[in-house]
Amino acid sequence: MADTGPQTGDDPEAVKRHPRLFRAARQRRNPRLRRSDITVTDERAVKRAVKAASLGNAMEWFDFGIYSYLAVTIGHVFFPSGNDTVQLLSSFATFAVAFLVRPLGGMFFGPMGDRLGRKKVLALTMILMALGTFCIGLIPSYASIGFWAPVLLILFRLVQGFSTGGEYGGASTFIAEYAPDKRRGFFGSFLELGTLLGYTGAAGLVTGLYAVLDDGAMESWGWRIPFLVAGPLGFVGIYLRLKLDETPAFQKLEDGTSAHASEAADGVETTHKGDLAKIFRRYWPSLILCIALVGAYNITDYMLLSYMPTYLSDEMGYDESHGLLILIGVMVLLMLIITQVGKLSDRFGRKPLLMTGMISFFFLSIPSFLLVKQGSLLAVSGGMLMLGLSLVCLLGTMSAALPALFPTPVRYGSLSVGYNLSASLFGGTTPLVITGLIGLTGDDMMPAYYAMAASLVGVIAVACMKETAHRPLAGSPPSVATEEEAREILDAQSPDPKF
């Protein structure tokens, strides 16, 4: 919408003396929107896009989650026998290796998505993830081929990590650019619903295997089943993503002046395509903010959704399947409420919901782990539920908040770089760091302290970000659900007639 008020730096006396001149200058800086600038979304197309992105994301995180839930078994299969803690650390170190290449994947796929389109790159990341996961299921054990077993495991984990580098930034960009401005939080929450669905599917399958197979069968061949299932699921995700059209924002970016009458909209949307140097040079403040937000979010996310089953089995002596069943129950509850959190972020704003989640982690982490340490089913469930309700405030909001940090021409690339740098440094290392800290200090409250430190960084980051709810994405004209909303925007920028 055009800004008709005085600009910072304008001399008030000069504005009074030459009102027409300053009004003309302001209009040149902020040309009035025309109807052709405003995107009116097709609700059916939006729902198809959200479904494909979310289900594809679910399959991606099903593949990635399998490894965390089989960490103990994988440690026994792929690393020399000896100390159980050393085997577990080796398994988590291999888990973390995939995160080391995620920034490289983000730098590769992100700018490609800004140049070639969102859907093509998202289909490519799906292919690589399915291939990497499937191949892990075929690797012989350490007992069969020795040193080459962990080498091949690391290789295919690198393939997984590289592909994941282009997934979250692309999928969240895809949904954000399809959704109308006033419902971006609601539609964006379906992306994390897909993440929870993927994790729940992986945890459910692994739990079922632990229930029907003994330890010998699991270590011999049972652990392979979830990885081999990933191949067919990957083809389903690829099919869903290739059926979609490109996002309206990217189509307008490609069309350039032919798609817009407004000079301002064209000027913003047809520059800096996928240039990594420009991303770091021009958008470094937004990148730092993105890294801080994602770091706090990822540490708390991976602590609960990836590490907790291992904590329960390794530190609390729980059976693997019991810990996974409790986590599945928590995740199912989060799936039931996450879209309502997305709606709340549309109504009250992204910042209040994100701040609630960060502050909750800061104050509730110690009580939650004290409950978990009680060991009873009710206490463990209550502690994990407290953490889950804190996390869902972040899960239901972050997918709409992060894409809004960057303009359309560099959104995929910038978000992929910032998200994956942070995920590499903080997210994937969380199980390894927490296990190492517990081993070093002997204090099994270390996960709570680590989450508190992360949430404190998150509070500062949320305080520094701008509110983006109900506003167009940077570098794109407004996106609305109906023609009536488009007319309201046009009417609102027209000055009252004077007689």
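See the structure shown above.
Scope of this entry: the structure provided in the associated data block. These numbers come from a predicted model, not from an experiment.

1. Focus: helix H23 (residues 446–464)
Consideration 1: For H23, with 19 residues, the first-to-last C-alpha span of 28 Å sits near the 27 Å given by 1.5 Å per residue.
Consideration 2: For H23, the complete set of buried residues consists of Met-446, Pro-447, Ala-448, Tyr-450, Ala-451, Met-452, Ala-454, Ser-455, Gly-458, Ala-461 and Val-462.
Consideration 3: Here the buried face of H23 lies against helix H17 (284–314), helix H19 (350–372) and helix H22 (430–441).

2. Let's talk about the packing of helix H6 (residues 102–116) against helix H9 (residues 148–164)
Consideration 1: Axis separation between H6 and H9 bottoms out at 6 Å; the angle between their running directions is 45°. Taken together, the axis directions place H6 and H9 in an arrangement best described as oblique. Our pair here, H6 against H9, has a crossing hand that is right-handed. Across the interface between the two elements, Arg-102, Leu-104, Gly-105, Phe-108 and Phe-109 from H6 touch Gly-161, Phe-162, Ser-163 and Thr-164 from H9.
Consideration 2: Taken together, the residues of the contact of H6 with H9 break down into four nonpolar, four polar and one charged.

3. Some remarks on the environment of Gly-169
Consideration 1: By the secondary structure assignment, Gly-169 is in helix H10 (residues 167–178).
Consideration 2: Here the alpha-carbon distance between Gly-169 and Leu-415, two residues 246 residues apart in the chain, equals 5.3 Å.
Consideration 3: If we skip the residues at most four places from it in the chain, Gly-169 touches Tyr-412, Leu-415 and Ser-416.

4. A closer look at unusual backbone geometry
Peptide bonds are mostly trans, and most non-glycine residues show a negative phi.
Consideration 1: Despite not being glycine, His-470 has its phi angle at roughly 70°, a positive value.
Consideration 2: Its place among the elements puts His-470 in the loop between H23 and strand S2 (479–480).
Consideration 3: Relative accessible area serves as the criterion here: at 44%, His-470 is assigned to the partly exposed category.

5. What about the packing of aromatic side chains?
Consideration 1: On inspection of all chains with the given rule, the structure shows 12 aromatic pairs.
Consideration 2: Ring geometry for Trp-223 and Phe-227: centres 5.8 Å apart, planes at 75°, overall edge-to-face.
Consideration 3: On the basis of relative accessibility, which here comes to 0%, the residue Trp-223 falls in the buried class.
Consideration 4: On the accessibility criterion, Phe-227 (0% relative accessible area) is buried.
Consideration 5: Ring geometry for Phe-362 and Phe-363: centres 5.2 Å apart, planes at 90°, overall edge-to-face.
Consideration 6: On the basis of relative accessibility, which here comes to 28%, the residue Phe-362 falls in the partly exposed class.
Consideration 7: By relative accessible area, which is 56% here, Phe-363 ends up exposed.

6. A short note on helix H12 (residues 215–222)
Consideration 1: When we look at burial in H12, the residues that qualify are Ala-217, Met-218 and Gly-222. One side of H12 carries all its buried residues, which in axial view fall inside an arc of 100°.
Consideration 2: Where H12 begins, the capping side chain belongs to Asp-214, and its oxygen is found 3.2 Å from the backbone nitrogen of Gly-216.

7. As for the side chain of Arg-102
Consideration 1: On the secondary structure map, Arg-102 appears in helix H6.
Consideration 2: We classify Arg-102 as buried; its relative accessible area is 0%.
Consideration 3: For Arg-102, the side chain forms a polar contact with the side chain of Asn-420, separated by 2.9 Å.
Consideration 4: In this view, Arg-102 contacts Trp-61, Gly-161, Thr-164, Gly-165, Tyr-302, Tyr-419, Asn-420 and Ala-423; residues no more than four positions away in its chain are not counted.

8. Brief notes about the environment of Ile-359
Consideration 1: Looking at the secondary structure, you find Ile-359 in helix H19.
Consideration 2: Exposure remark for Ile-359: the relative accessible area of 35% places this residue in the partly exposed category.
Consideration 3: In the structure, Ile-359 is positioned 96 residues away from Ser-455 in sequence and 6.8 Å away in space, judged by C-alpha atoms.

9. Regarding a negative patch on the surface
Consideration 1: On the surface, a cluster of negative charge is contributed by Asp-214, Asp-215, Glu-219 and Asp-319.
Consideration 2: For Asp-214, the position within the fold is in the loop between helix H11 (184–212) and H12.
Consideration 3: Residue classification places Asp-214 among the exposed positions, given a relative accessible area of 52%.

10. Here we look at the environment of Leu-405
Consideration 1: Along the chain, the position of Leu-405 falls in the loop between helix H20 (377–401) and helix H21 (411–427).
Consideration 2: You can call Leu-405 buried: its relative accessible area is 16%.
Consideration 3: Here the alpha-carbon distance between Leu-405 and Leu-289, two residues 116 residues apart in the chain, equals 8.6 Å.
Consideration 4: Ignoring any residue separated from it by four or fewer positions in sequence, one finds Leu-405 in contact with Ser-286, Leu-289, Cys-290 and Leu-293.

11. A short note on a nonpolar patch on the surface
Consideration 1: Taken together, Val-332, Leu-333, Leu-336 and Leu-389 make up a surface patch of nonpolar side chains, about 330 Å² in accessible area.
Consideration 2: Considering every element that reaches the nonpolar patch, the biggest residue donor is helix H18 (residues 320–348), with three residues.
Consideration 3: Among the structural elements, Leu-336 can be located in helix H18.

12. Observations concerning the pattern of salt bridges
Consideration 1: Counting across every chain of the model gives seven salt bridges.
Consideration 2: For Asp-114, the salt bridge is made with Arg-118, and the minimal N-O distance between the two is 2.9 Å.
Consideration 3: Residue Asp-346 is joined to Arg-350 by a salt bridge in which the shortest nitrogen-to-oxygen separation is 3.0 Å.
Consideration 4: Given a relative accessible area of 7%, Asp-346 falls into the buried group.
Consideration 5: When salt bridges that share partners are traced, they join Asp-114, Arg-118, Glu-177 and Arg-411 into one network.

What counts, and where the lines are drawn
- Residues numbered from 1 in each chain as written.
- Predicted model: local features only at pLDDT ≥ 70, side-chain atom pairs only at ≥ 80, totals over all residues.
- Heavy atoms only, no water.
- Helix = DSSP H or I, 4+ residues; strand = E, 2+ residues; numbered from the N terminus.
- Expected span 1.5 Å × (residues − 1).
- Buried < 20%, exposed > 50% of the residue type's maximum accessible area, 1.4 Å probe, protein only.
- Contact = heavy atoms within 4.5 Å.
- Axes fitted to C-alpha atoms, helices over the stretch in contact; angles between N-to-C directions.
- Parallel < 35°, antiparallel > 145°, perpendicular 65-115°, else oblique.
- Left-handed = near helix turned anticlockwise from the far one by under 90°.
- Nonpolar A, V, L, I, M, F, W, Y, C, P; charged D, E, K, R; others polar.
- Phe/Tyr/Trp six-rings, centres within 6.5 Å; stacked < 30°, edge-to-face > 60°.
- Arc of directions from axis to C-beta.
- Polar contact = N/O pair within 3.5 Å; in protein donor to acceptor, adjacent residues only side chain to side chain.
- Patch = residues over 30% accessible without salt bridge, like charges linked within 9 Å, V, L, I, M, F, W, Y side chains within 5 Å.
- Areas by Shrake-Rupley, 256 points an atom, 1.4 Å probe, with all protein chains shown as cover.
- Salt bridge = Lys/Arg side-chain N within 4 Å of Asp/Glu carboxyl O.
- Lys, Arg positive; Asp, Glu negative; His and termini not counted.
- Charge placed at Lys NZ, Arg CZ, Asp CG, Glu CD.

Shape is all these values report; function is a separate question.
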